[in-house]
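Remarks on the overall topology
Given next are the chains, with one letter for each unit.
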Amino acid sequence: MGMTMTQKILAAHAGLKRVTAGQFIEAKLDIVLGNDITGPPAIKEFEKMGASNVFDANKVVLVPDHFTPNKDIKAAEQCKILREFAASQGIVNYFEVGEMGIEHALLPEKGLVVAGDAIIGADSHTCTYGALGTFSTGVGSTDMAAGMATGRTWFKVPGAVRVVFMGALARPLCGKDVALHLIGVLGVDGARYLSLECGGPGVASLSMDDRFTVANMAVECGAKNALFPVDDTTKAYLTGRVTRPWTAYIPDADALYEQTIVVDLRALKPLVACPHLPSRVRPVSELSHVSVSQVVIGSCTNGRLEDMRAAAEILRGRRVRDGVRCLVIPASQEIYLQSLREGLLEVFVEAGAAVSTPTCGPCLGGHMGILDEGEVCVATTNRNFVGRMGHVKSEVYLAGPAVAAASAVAGYIAAP
Amino acid sequence: MSIFVYGDNVDTDVIIPARYLVHSDPEFLAAHCMEDIDVDFAERVAPGDIVVAGQNFGCGSSREHAPLALRACRVSCVLAKSFARIFYRNAINIGLPILECPEAVDGIAPGDEVTVDITTGRIENRTTGRVFAARPLPPFVQGIIDAGGLLSWIVRSEEAGLTGGNAI
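Let me begin by describing the structure that accompanies this report.

Conventions adopted
- Residues numbered from 1 in each chain as written.
- Chains lettered and ligands numbered in written order.
- Predicted model: local features only at pLDDT ≥ 70, side-chain atom pairs only at ≥ 80, totals over all residues.
- Heavy atoms only, no water.
- Helix = DSSP H or I, 4+ residues; strand = E, 2+ residues; numbered from the N terminus.
- Buried < 20%, exposed > 50% of the residue type's maximum accessible area, 1.4 Å probe, protein only.
- Contact = heavy atoms within 4.5 Å.
- Areas by Shrake-Rupley, 256 points an atom, 1.4 Å probe, with all protein chains shown as cover.
- Lys, Arg positive; Asp, Glu negative; His and termini not counted.
- Charge placed at Lys NZ, Arg CZ, Asp CG, Glu CD.
- Axes fitted to C-alpha atoms, helices over the stretch in contact; angles between N-to-C directions.
- Parallel < 35°, antiparallel > 145°, perpendicular 65-115°, else oblique.
- Left-handed = near helix turned anticlockwise from the far one by under 90°.
- Buried area = accessible area lost by both parts, 1.4 Å probe.
- Salt bridge = Lys/Arg side-chain N within 4 Å of Asp/Glu carboxyl O.
- Polar contact = N/O pair within 3.5 Å; in protein donor to acceptor, adjacent residues only side chain to side chain.
- Pairing = 2+ DSSP bridges.
- Phe/Tyr/Trp six-rings, centres within 6.5 Å; stacked < 30°, edge-to-face > 60°.
- Lys NZ or Arg CZ within 6 Å of the ring centre and 35° of its normal.

Below, the discussion takes up the overall build of chain B. The number of helices and strands found in chain B is eight helices and seven strands. In terms of its C-alpha atoms, chain B occupies a principal-axis envelope of roughly 50 × 40 × 25 Å. When each of the 168 residues of chain B is scored for burial, the buried share is 57%. Pairs at least 24 residues apart make up 61% of the contacts formed inside chain B by residues separated by at least 6 positions. Just so you have it, chain B exposes about 6,500 Å², and 50% of that area is on carbon and sulfur atoms. In chain B, the 13 positive side-chain charges and the 22 negative ones have mean positions that sit 4 Å from each other.

See below:
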């Protein structure tokens, strides 16, 4: 029996010829990532275990992006722990506010992750880098501490769900519609402990930003990671951005999959996930009765340049409806700057939206855009759990940037 | 001993809401554990109590603060039909006892008196008299627990010169 893409990457990092689903292995890590929530406890554990130096100061990445710019004194303390650890360890890839971006937009953009890598990050959406043909998965602070100290970690080799894309995605549909469709089909634990292995002729029609969104949300159906094949789109993205060599892994023809899902991209409609699970997916057209108090366009899921462009296309020459707050958050300084150069920020401000420096803040109810009782938000973020964005009796609907922008204009959930 | 029974997909956002994540002190986290779905959980929970839940317990965020909060509430065990991947890993790494046993979860109602033997996986509903056997932990995972958590396991392995190997 052959191996999936994930299994091949894990085998290579474990120094093994082959691995099979369910096997426990120890693998070398190319990157260990943490942020201002998960990093400080990891640093504490790192010190408690008696470690003095990180395994490689070039391979540990620290991004203060969750409660930043610091929302209060406690947040400032956490960021200070990260900053001082980075300085004392000579960590090259520490990104201060002002050059910071939301971690999962920032790492690919900076060329820090390449196809064929094995990466752990103390953030559940670390699976985003699978869009580049990278094995990457979310872990907790203790795993991060151990990874920083040793440059290795243990994995249980996952089985896989094969996702075959057919047809081509037509705009204004986007990666979010694909992600929500998949989560709707699989449910929030349908891919638990499994790898989502994407392929098929339709992949070519998915932009790099689409793929980042799909891979990002793999964890919302329980997956350990997601992987896209390394094709011309991937190579174009990596070229000129990365300095390390990359490896494109191709699944064996006889690789074993627990399930195969065929997605006809031509048949997709704009989708929304209703409270309080990302799997409660319905077509936008069925939700026009839902009034909106706030719209958030951003996050590691949909704060990329294409998302900014899609939102601006809807908001250009229009106004955010009275009674609705609209927050737009480019996911990195580079995206922010490019949005500025293209006049997108001007469109947002003229439409009555508030534009912010990069932060994860609103997505996790951290800071900015916190909802009160009874308020409803349409967000391009990744989770709509109870109390996710504020009051326990608030509601979050998940959608792509075009739907979110259209909803901001209409004052209710609306198609672009 | 009390049991706290919840449904499917109890996520890390309700186990410990993000608004408290400017702290990582376990006692502080424990004071707010579960409050978004069970407002006075922290006041009612007592050492040795058991949390019983459905599928996919701990889905969502990678925040280790979630199992830390439950551990600091001194729950003796989380018994669920299944656990989300990162939560499972985090619980093992920090030493929060967890067991998967769908049959036992279906066979437990609020108010039942339940005893759990973490080592053997034997679960007894003393109210109904039914006994269940939880799925045993994989030996490798049991090894981490026996060592007292991931970091002790690593330190112990390194002292024994065991790391650097590939297949475990």
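Turning our attention to the packing of helix α4 (residues 65-72) of chain B against helix α5 (residues 85-94) of chain B. A packed helix pair is summarised by two numbers, namely the angle formed by the two axes and the spacing between the axes. All names here are of chain B. Interhelical geometry of α4 versus α5 gives an angle of 50° and a closest axis separation of 9 Å. Compared by their axis directions, α4 and α5 come out oblique. Here the hand of the crossing between α4 and α5 comes out right-handed. On the side of α4, the interface is formed by Ala66, Pro67, Leu68, Leu70 and Arg71, while α5 contributes Phe87, Asn90, Ala91 and Ile94.

Chain B puts 46 residues into the contact, and the matching count from chain A is 53 residues. In total, chain B and chain A occlude about 4,000 Å² of area from one another, counting both sides; carbon and sulfur atoms represent 58% of this. Area buried by chain B at its contact with chain A is led by B:Val22, B:Arg85 and B:Arg89, which between them contribute 20% of it. Our count for the chain B to chain A interface comes out at two salt bridges. Residue B:Arg89 pairs with A:Asp143 through a salt bridge whose shortest N-O separation is 2.6 Å. Inspection of the region where chain B meets chain A yields 18 residue pairs in polar contact (both at pLDDT 80 or more). For the side of chain B that touches chain A, the secondary-structure elements that each account for two or more residues are α1 (12-15), α5, α7 (139-147) and α8 (150-159) of chain B. At seven residues, the largest contribution of residues to the side of chain B that touches chain A is made by α5(B).

All names here are of chain A. Read from one edge of the open sheet, seven strands run β13-β12-β18-β17-β14-β15-β16, paired in mixed fashion. In this open sheet, the two edge strands, each paired with only one partner strand, are β13 (281-283) and β16 (354-355). Bridge count between strand β12 (residues 271-273) and strand β18 (residues 395-399): two bridges; the pairing is antiparallel. Bridged to alanine 273 within β18 is leucine 398. Set on the sheet, helix α13 (residues 401-410) makes contact with β12, β14 (294-297), β15 (325-328), β17 (376-379) and β18; between it and β14 the angle comes to about 150°.

The full count for this structure, using the stated rule, is 15 aromatic pairs over all chains. For the pair A:Phe46 and A:Phe85, a centre-to-centre distance of 5.4 Å together with 85° between the ring planes defines the contact as edge-to-face. Residue A:Phe46 is found in helix α2 (residues 39-48), and its partner A:Phe85 is found in helix α3 (residues 73-89); the two are separated by 39 residues along the sequence. Per residue, the accessibility class of A:Phe46 equals that of A:Phe85, and both read buried. Here a set of aromatic residues connected by ring pairs shows up, and it is made of A:Tyr193, B:Phe57, B:Phe83, B:Phe87 and B:Tyr88. The ring of A:Tyr237 has A:Arg241 sitting right over it, with the charged end atom 4.0 Å from the ring centre.

Another aspect to go through is the side chain of A:Ser207. Residue and element names in this part refer to chain A. Of note, serine 207 is situated in the loop between β9 (195-199) and α7 (208-216). Side-chain polar atoms of serine 207 contact the side chain of glutamate 306, separated by 2.8 Å. Leave out the neighbours within four places in its chain, and serine 207 touches Arg171, Thr233 and Glu306.

Residues and elements named next belong to chain A. Taking burial as the measure, the ten residues of α13 include nine buried ones, the bulk of the element. Residues of α13 that are buried include every one of Pro401, Ala402, Val403, Ala404, Ala405, Ala406, Ser407, Ala408 and Ala410, and no others. Backbone geometry just after α13 places glycine 411 at a positive phi near 90°.

Residue and element names in this part refer to chain A. Read from one edge to the other, the open sheet built from four strands follows the order β10-β9-β8-β11, with strand pairing classed as parallel. Taken across any chain shown, the strands that pair with only one partner, and hence form the sheet edges, are β10 (225-227) and β11 (259-264). Going across the sheet, the axis of each strand differs from the next one's by a mean of 20°, ignoring polarity. In the packing of helix α6 (residues 175-186) onto the sheet, the strands contacted are β8 (160-166), β9 and β11, and the crossing angle to β11 comes to about 140°.

All names here are of chain B. Across the ten residues of α5, ten count as buried, placing the element largely inside the fold. Taken as a whole, α5 has its buried residues at Arg85, Ile86, Phe87, Tyr88, Arg89, Asn90, Ala91, Ile92, Asn93 and Ile94. Backbone geometry just downstream of α5 places glycine 95 in the positive-phi region, at approximately 85°.

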